[in-house]
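# Report on the structure
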Amino acid sequence: MSLSFDAGELEQGTVQNMLHRGSSGLSASSLHYREQPKVVSMSLDQDACYLCKEDLRDPVSIPCGHIFCSVCLKTYWDHADHTGSYSCPQCRVSYSKRPTPRRIGSSRQSTLPQRSSERESFPPPPPSPDYNYAGPQDVGCDICIGKKHKAVKTCLMCLASYCDKHLKPHFESATFKRHKLVDEIGHLDRQICPQHQKGLELFCRTDQMCICVLCTVKEHKGHDMVSAEQERAEEQQRLGATQAEIQEKIHDRLKQMEELKQAVDSLKNSAHRALQECEKMFSDMMRSIERMQQEMSKLIASNKRAALNNAEGHMERLSHEIADLKRRDNEITQLSRTEDHIHFIQSYHMLIAQTEAEELPTVTVNPYFTFGPVTKAVSEMKQHLNEFSNDELVKVAKAVNKMTFCQLDESKKRRSVKSDEAPMYKTVPVHEPQYREDFLKYATPLTLDPNTAYRQLYLSRGNRKAALKRDPQSYGDHPARFDSLPQVLCVEPLSGGAYYWEVDWSGEGAALGVTYKGIKRTGYGDSCRIGYNRKSWSLFCSDSSYSARHNKDQVEVNAPYSSRVGVFLDHAGGTLSFYTVGDKMSLIHRFKASFSEPVYPGFWVWYESAINLLQL
């Protein structure tokens, strides 16, 4: 019995899955695939134009790889003609001259000219929202044509996800009775062996990786292998123990958090009380100093008054004595002028006797008397007080600093990783050089792999140069080949060390980077593009700009134009760096990553462009 499938009714990927699984009783010899004629070699799985948000009409592609309606793109760039600078409306990669868009095929609506004409003449009203359609965060049905519905289940035998409508055969037909359905999951490419394109069913304990049945024949022959279900059951037990340990840690952490919160509240209260008490004690000390100041003022004032009173008493006495002496001097003067001799003799003896009998006290004045010693004493007291207060403040500070509020207990070290649990490719990272002669010490010869090359990529110069041509090359069928994107990988896997290579590129645009082996090879989506997914990193080069890409991140890089780019990979250190080549290398961009497996240098080449791996 022979079955036939039309490309418009069943996607090729689903047919391939059914062939590889072989669970439904179909064989490759009894299954024929009628492929519709293609306009060009590139496939198209993008439904809507980024500019008009409607189905693509007369789609064209530009060097960065994005697709738009030809009219939309022409209108968009016509408005940019006056600036002379052109950029991609979606990723904003800029070009110094207007690139020539490449027609990649007709949209689905182009096969219905009558409906398209009617649509242009009579635009239909906006469709009512259908919440059954798959959104950006949903898993889409692999069978739906056009706008996909949400998948409700994923079949691990078919390796496909289905909506309610396309899931019915799995419940109604006995053919699918043994198929295993699970809740919808994305990234089904992870369920397929990248080498044999068969579903992963086994787990190799020797290499710690999931494998398919065909892997047991050669690559993993003689290894310790168990079913994925058995490995899951054992790991589930360990996972349960790990979860219990984590929950216990959460409980301990919550308890420590509560204790810490209580301690913080107690700390705040204690600090508030200490601040109040210290302010009170310092206020008391300040009042004591003020009292000392007042006592000192009183002491100086009282001594001043005593000294002044004593001096005033002496001055008053001296005034009386001076007046008495002046009176006697006057009497002596009058006596010396008298002519009465008897009176002179009588008065003379009385004055002489009175003068000789009276002795006047001597008043001695200290010319150096000051209150300087008092000032000096107060100054010394101030110095002693400062020294004392500083010493005491240091003691207080030491006492406060010695008090530990909370700290991490580092006595419990993390358990060391066992030798069999150590990550692969664990080597010491290298110090990245600065000069080209130092980079050349890590030079690595690379060759392009014809088995991965897109059919329109022409390889030459011993498989070191790749250029995109209009005519397909005579490559044989190979599961590792990129069937829709102008990409090619190198033969050599790079891991665990440092590597350097240089690339000459020319034309309108090219991208160079690295990728894991498991990057998807079929289709036109981001999961296949180097730099647009978690498995790859790339630098896109145009004649006026650079753009660094990884997963959903895109970084525009401002750096001088260079047709030769040096690439330095430190696999162990987790860096991928791009340089303009010169005596002293100039960094364009550096990726930071944790490479978990070997990577392969890869390239994306646009029309009338080429890349050339240089021999160093």
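This is a predicted model, so every value here is computed, not measured.

We now examine the overall build of the protein. Along the protein, the regular secondary structure elements total 8 helices and 26 strands. The burial tally for the protein puts 30% of its 616 residues in the buried class. For the protein, restricting intrachain contacts to residue pairs at least 6 apart in sequence, the fraction spanning at least 24 positions comes to 59%. Per element, the accessible surface of the protein, about 40100 Å² overall, is 54% carbon and sulfur.

The next thing to look at is the pattern of salt bridges. This structure, assessed with the given rule, holds 23 salt bridges. Asp284 is the salt-bridge partner of Lys280, the closest N and O atoms lying 3.5 Å from each other. Taken together, the residues span about one helical turn, with Lys280 and Asp284 both in helix α5 (residues 228-337) at a distance of 4 residues. Residue classification places Lys280 among the exposed positions, given a relative accessible area of 54%. Between Arg317 and Glu321 there is a salt bridge; the shortest N-O distance is 3.2 Å.

Note on placement: Leu181 falls in strand β10 (residues 181-183). Sequence separation of Leu181 and Thr154 is 27 residues, and the distance between their C-alpha atoms is 5.6 Å.

So, about the packing of aromatic side chains. All chains considered together, the criterion is met by 13 aromatic pairs. Ring centres 5.2 Å apart and planes at 40 degrees place the aromatic pair Phe439 and Tyr500 in the tilted group. Here Tyr500 lies in strand β17 (residues 498-506) and Phe439 lies in helix α8 (residues 436-439), a separation of 61 residues in the sequence. Given the relative accessible area of 0%, Phe439 is considered buried. Overall, Tyr500 belongs to the buried group, its relative accessible area being 0%. Here the aromatic residues Phe439, Tyr442, Tyr500, Phe568 and Tyr579 are joined through ring pairs into a cluster of three or more.

This brings us to the pairing of strand β24 (residues 586-592). Sheet analysis places strand β23 (residues 575-580) next to β24, joined by 6 bridges and oriented antiparallel. Across the sheet, the residue bridging to Phe578 is His589, located in β24. Here β23 folds back onto β24, and the loop between the two strands holds 5 residues.

Moving on to α5. Compared with the 164 Å implied by 1.5 Å per residue over 110 residues, the 154 Å span of α5 between its first and last C-alpha is a close match. For α5, every residue scored as buried is listed here: Glu231, Glu321, Arg328 and Leu335.

What follows is about the sheet that holds strand β18 (residues 509-516). Reading across the sheet, the 6 strands line up as β16-β25-β18-β19-β20-β21 and stay open at both edges, with antiparallel pairing between neighbours. If you trace the sheet from one side to the other, it starts and ends with β16 (487-489) and β21 (553-557), each paired once. Adjacent strand axes in the sheet meet at a mean angle of 20 degrees when their direction is disregarded. In this structure, strand β19 (residues 536-542) lies alongside strand β20 (residues 546-550), joined through 4 bridges in antiparallel fashion. Opposite Ser538, over in β20, you have Arg549 as the bridge partner.

What follows covers the sheet that holds strand β7 (residues 102-103). Within the open sheet, the 3 strands sit side by side as β4-β3-β7. Their pairing is antiparallel. Single-partner strands in this sheet number two, and they are β4 (67-69) and β7. Relative to β4, strand β3 (residues 59-61) is paired through 3 bridges, and the arrangement is antiparallel. The partner of Pro59 across the bridge, within β4, is Cys69. Contacting β3 and β4, helix α2 (residues 70-78) crosses the sheet at an angle of about 90 degrees to β4.

Right, let's talk about the nonpolar core for a bit. Residues Leu448, Trp501, Leu576, Phe578, Phe603 and Ile611 are the most contacted members of the largest nonpolar core, which totals 66 residues. Per element, the largest residue contribution to this core is 5 residues, and it comes from β18. Listed in part, the 10 residues of the second largest apolar core include Cys155, Cys158, Tyr162 and Phe176.

On to unusual backbone geometry, then. The backbone of Asp58 sits at a positive phi, close to 50 degrees, despite the residue not being glycine. Tracing the chain through its elements places Asp58 in the loop between β2 (31-34) and β3. A positive phi is found at Asn551, a non-glycine position, where the angle reads about 55 degrees. Considering the arrangement of structural elements, one finds Asn551 in the loop between β20 and β21. What makes Asn551 partly exposed here is its relative accessible area of 27%.

Turning to the pairing of strand β25 (residues 599-605), a few remarks are in order. In terms of burial, β25 is largely enclosed, as 7 of its 7 residues are buried. By the alternation rule, side chains of β25 split into Val599, Pro601, Phe603 and Val605 and Tyr600, Gly602 and Trp604, which are all buried. Note: β16 against β25, 3 bridges, orientation antiparallel. Bridge assignment links Val488 to a residue of β25, and that residue is Phe603. Relative to β25, β18 is paired through 7 bridges, and the arrangement is antiparallel. Within β25, the position partnered with Leu512 by the bridge is Phe603.

Procedures and definitions
Residues numbered from 1 in each chain as written. Predicted model: local features only at pLDDT ≥ 70, side-chain atom pairs only at ≥ 80, totals over all residues. Heavy atoms only, no water. Helix = DSSP H or I, 4+ residues; strand = E, 2+ residues; numbered from the N terminus. Buried < 20%, exposed > 50% of the residue type's maximum accessible area, 1.4 Å probe, protein only. Contact = heavy atoms within 4.5 Å. Areas by Shrake-Rupley, 256 points an atom, 1.4 Å probe, with all protein chains shown as cover. Salt bridge = Lys/Arg side-chain N within 4 Å of Asp/Glu carboxyl O. Phe/Tyr/Trp six-rings, centres within 6.5 Å; stacked < 30°, edge-to-face > 60°. Pairing = 2+ DSSP bridges. Expected span 1.5 Å × (residues − 1). Axes fitted to C-alpha atoms, helices over the stretch in contact; angles between N-to-C directions. Core = buried A, V, L, I, M, F, W, Y, C linked by side-chain atoms within 4.5 Å.

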